[in-house]
Number of protein chains: 2
Amino acid sequence: MGGKLKEDKMSDLEKKSIDPATIKMLKKAQVDGCETIFDRADTMKPCPIGAEGSCCKNCAMGPCRVPAPKKKGETGAEKAKRMGLCGATAETISARNFARMVAAGTASHSDHARGIAEVFLATAKGEVPGFEIKDEQKLYQVAMDFGVEIGDRPVQDIAIDVGHKAIAEFGRQEGETIFVKRAPLKRQEIWRNLGVTPRGIDREVVELMHRTHMGVDQDYKSLLTSAARTALADGWGGSMISTELQDILFGNPVPVYGQINLGVLKKDEVNVVVHGHEPLLPEIMVGVVHDPEIQKAAKAVGAKGVNLVGMCCSANEILMRHGIPVAGNFLQQELAIVTGAVDAMVVDVQCEMQSLAQVAKCYHTKLITTSAKGQN
Amino acid sequence: MGGKLKEDKMSDLEKKSIDPATIKMLKKAQVDGCETIFDRADTMKPCPIGAEGSCCKNCAMGPCRVPAPKKKGETGAEKAKRMGLCGATAETISARNFARMVAAGTASHSDHARGIAEVFLATAKGEVPGFEIKDEQKLYQVAMDFGVEIGDRPVQDIAIDVGHKAIAEFGRQEGETIFVKRAPLKRQEIWRNLGVTPRGIDREVVELMHRTHMGVDQDYKSLLTSAARTALADGWGGSMISTELQDILFGNPVPVYGQINLGVLKKDEVNVVVHGHEPLLPEIMVGVVHDPEIQKAAKAVGAKGVNLVGMCCSANEILMRHGIPVAGNFLQQELAIVTGAVDAMVVDVQCEMQSLAQVAKCYHTKLITTSAKGQN
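Residues numbered from 1 in each chain as written. Chains lettered and ligands numbered in written order. Predicted model: local features only at pLDDT ≥ 70, side-chain atom pairs only at ≥ 80, totals over all residues. Heavy atoms only, no water.

What to know about the relation of the copies chain B and chain A
Thinking step 1. Placing chain B over chain A gives an RMSD of 0.0 Å and needs a rotation angle of 180°, together with 0.0 Å of translation along the axis. Overall, the copies show the geometry of a two-fold rotation axis. No C-alpha of chain B approaches the rotation axis more nearly than that of G171 of chain B, which lies at 1.8 Å.
Thinking step 2. Interface overlap between copies is the fraction of interface residues in one copy that are interface residues in the other; for chain B against chain A it reaches 100%, indicating a shared surface. (Least-squares fit on C-alpha atoms with pLDDT ≥ 70 in both. Contact = heavy atoms within 4.5 Å.)

Some points on the nonpolar core
Thinking step 1. Counting 41 residues, the largest nonpolar core has V273, L335, I337, V338 and M345 of chain B as the members making the most contacts within it.
Thinking step 2. Elements that contribute at least two residues to this core include exactly α6 (90–124) of chain A together with α1 (3–13), α2 (20–32), α3 (37–43), β4 (306–311), α15 (333–338), β6 (342–347) and α16 (356–362) of chain B.
Thinking step 3. Here this core gets four residues from one element, more than from any other, and that element is α15 of chain B.
Thinking step 4. With near-sequence residues (within four places) excluded, V338 of chain B lies in contact with M25, K28, A29, D32, C34, V359 and Y363 of chain B.
Thinking step 5. Counting residues in hydrophobic clusters, the runner-up holds 40 residues, among them M25 of chain A together with C64, V66 and M214 of chain B. (Core = buried A, V, L, I, M, F, W, Y, C linked by side-chain atoms within 4.5 Å. Buried < 20%, exposed > 50% of the residue type's maximum accessible area, 1.4 Å probe, protein only. Helix = DSSP H or I, 4+ residues; strand = E, 2+ residues; numbered from the N terminus.)

Examining the packing of helix α12 (residues 280–288) of chain A against helix α14 (residues 312–322) of chain A
Residues and elements named next belong to chain A.
Thinking step 1. Relative orientation of the contacting elements α12 and α14 amounts to 50°, with a least axis distance of 9 Å. One finds that α12 runs oblique with respect to α14. Judged by the sense of rotation from one axis to the other, the crossing of α12 with α14 is right-handed. Contacts from P282, E283 and V286 of α12 reach α14 at S314, I318, R321 and H322.
Thinking step 2. In the contact of α12 with α14, the residues fall into three nonpolar, two polar and two charged. (Axes fitted to C-alpha atoms, helices over the stretch in contact; angles between N-to-C directions. Parallel < 35°, antiparallel > 145°, perpendicular 65-115°, else oblique. Left-handed = near helix turned anticlockwise from the far one by under 90°. Nonpolar A, V, L, I, M, F, W, Y, C, P; charged D, E, K, R; others polar.)

Here's the deal with the side chain of T230 of chain A
All names here are of chain A.
Thinking step 1. Along the chain, T230 falls in helix α11 (residues 220–250).
Thinking step 2. Take T230: its relative accessible area is 0%, and that puts it in the buried class.
Thinking step 3. Beyond its immediate stretch of four places on either side in the chain, T230 contacts V102, A103, T106, E204, V205 and L208.

Considerations on the interface of chain B and chain A
Thinking step 1. If you look at the interface, chain B gives 73 residues, while chain A gives 73 residues.
Thinking step 2. Summed over both partners, the interface of chain B with chain A buries about 6500 Å², with 57% contributed by carbon and sulfur atoms.
Thinking step 3. On the surface where chain B and chain A come into contact, there are two salt bridges.
Thinking step 4. Summed over the shared surface of chain B and chain A, the number is 36 residue pairs in polar contact (both at pLDDT 80 or more).
Thinking step 5. At the level of secondary structure, the elements contributing two or more residues to the side of chain B that touches chain A comprise α3, α4 (48–51), β2 (64–65), α5 (76–81), α6 (90–124), α8 (155–171), α10 (201–211) and α11 (220–250) of chain B.
Thinking step 6. Classifying every residue of the side of chain B that touches chain A by side-chain character gives 31 nonpolar, 24 polar and 18 charged. (Buried area = accessible area lost by both parts, 1.4 Å probe. Salt bridge = Lys/Arg side-chain N within 4 Å of Asp/Glu carboxyl O. Polar contact = N/O pair within 3.5 Å; in protein donor to acceptor, adjacent residues only side chain to side chain.)

Right, dumping it as structure tokens:
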């Protein structure tokens, strides 16, 4: 590549972000010959029909591409041409595609919550070394919401009952998600009138996947109403359960000062990035990183110690509870490795780009996966 | 349209099916100016990338189009060009898309089963007029599988326990689906070794939706293994539960003679087509169609009576239990209306083309929806 071309490319990279650290690493990646999402975004040509959400692959007759109307005053015959094989219109197809995004999002968030509830119960039973009930006041508050008797019962017994009740919310087959009653009464009434009060968390996801299948719910309005109910099953079910149980297990966060961006990586320490979504993994890592044995091992290879930093959602969990620095956001996960300073990146689920394995190969970084949900 | 063109079109239609009744109705639809799926199949141009399953819309960065490799001996650099923004390869994307098809299929089949289980329990409690426990022997058999005590308990009590156990299978959060133990021991061992023994039905669907999200399970092998587990959750969970409970409620089917195809519609009777998927609706219709009041109403308008026929999956349910004729298969649902002989088509969920509303408007047919899953 000629000098001019290379200069042009470097100058292009400066327009990719307003963050100097990101631009610096994009230039380094360019020099190192390491491809990142910024390169792929340049070459990827999004499908125009897919982008407007009116491509349907929900049954085996497709894929059907049904562009949205381009003009006003379309005739009936013109409209008839814009139908999937089953007769689904662009409106139905877009609503189904959007609803499936909601189903996947609820499934993901709430499956995280299920994992937390399982660990919470195991912790309550004393089966998880290193974890404990940290916030008893919050436990009592949740116990009251769940209708668990407090009285003079031992904390452990209350926690076990709360754990069972929390897990049951995912499989609930009758009635509404318990936390719905935390909403203002007026809001609860609006939800009931609209038919969007969430029932069991898993059930809402499954019914939405059913409704969006060929030949079931064909009306974009009821599809979107069901999507709203499913989203509420996450917001007032899964997400709220995980937030509450995480606070009980790991402590209620308070405002802390934090350091953010790639500069939190240290030249003279072993840099470990914990990246992903659920707080279980980063909490364990916060607990072990100061272990004398680990510190000794770092010093034995000439480092001053181990520098644990977070990335993406995992980062927020340990920033707000322990003040651990945040190395970057979703778009910086590859760039952290491009610094050449990351010795290990430890990941769980969600937000990990598949390209991390490729980028890690360009440097000395060890990429360590930990979740059973990313393997057989 | 000129005479020659019209002749060509008619001759084209003769190649659309090997069934003379279908061809006859396709020609009638042409003359009537009524569009069917056969017309739409002619004009729809499937997306080549979508058809091979390597278009990804699983996160908001997409849609990413990643064509499968066209040639052997692709270089690493060429392969790198064929990645989604997150780095997902064609293999990962195809596996995720396929897995989501499995999730939707399991959700649909098993949501049908949930509906049956709910009606079964309500019937056991004596809350559903017209339905009863028809096959007590089969009830005892399922009770034994479910670990429900038989002894000298009343049938009703046993049925209530079976109903509760069946419903609990959908929300199960621990252990394996009960009917797994019906499989040969050797098969159960293979499933456990592969990690595909299904757990709770809803849970498998939700976890698969989670795994297929951006940044979670990125390996096509484990994605497909999870899809297999989810499929088994339907086959040995949802589908098996619905089959068993339907047999107990409506009777175990035995071989019967049946009449099939559009010719089962009658010139001199009120023709009612029941179309869809779940046996609940057609069973009710079989029960009421011979009601003297209904027969009287039909005769009052000059018809000899009411001719109830089935369509698609619903048809099989009442063919095998009552010998009710089958008017046609999935691709004939519009054509039944095109005959001009159908007075009402009554539908529940799954398999109903959205175009039915359009086709019904061309004739005098009333299209009647019945499922809460197709509305708010």
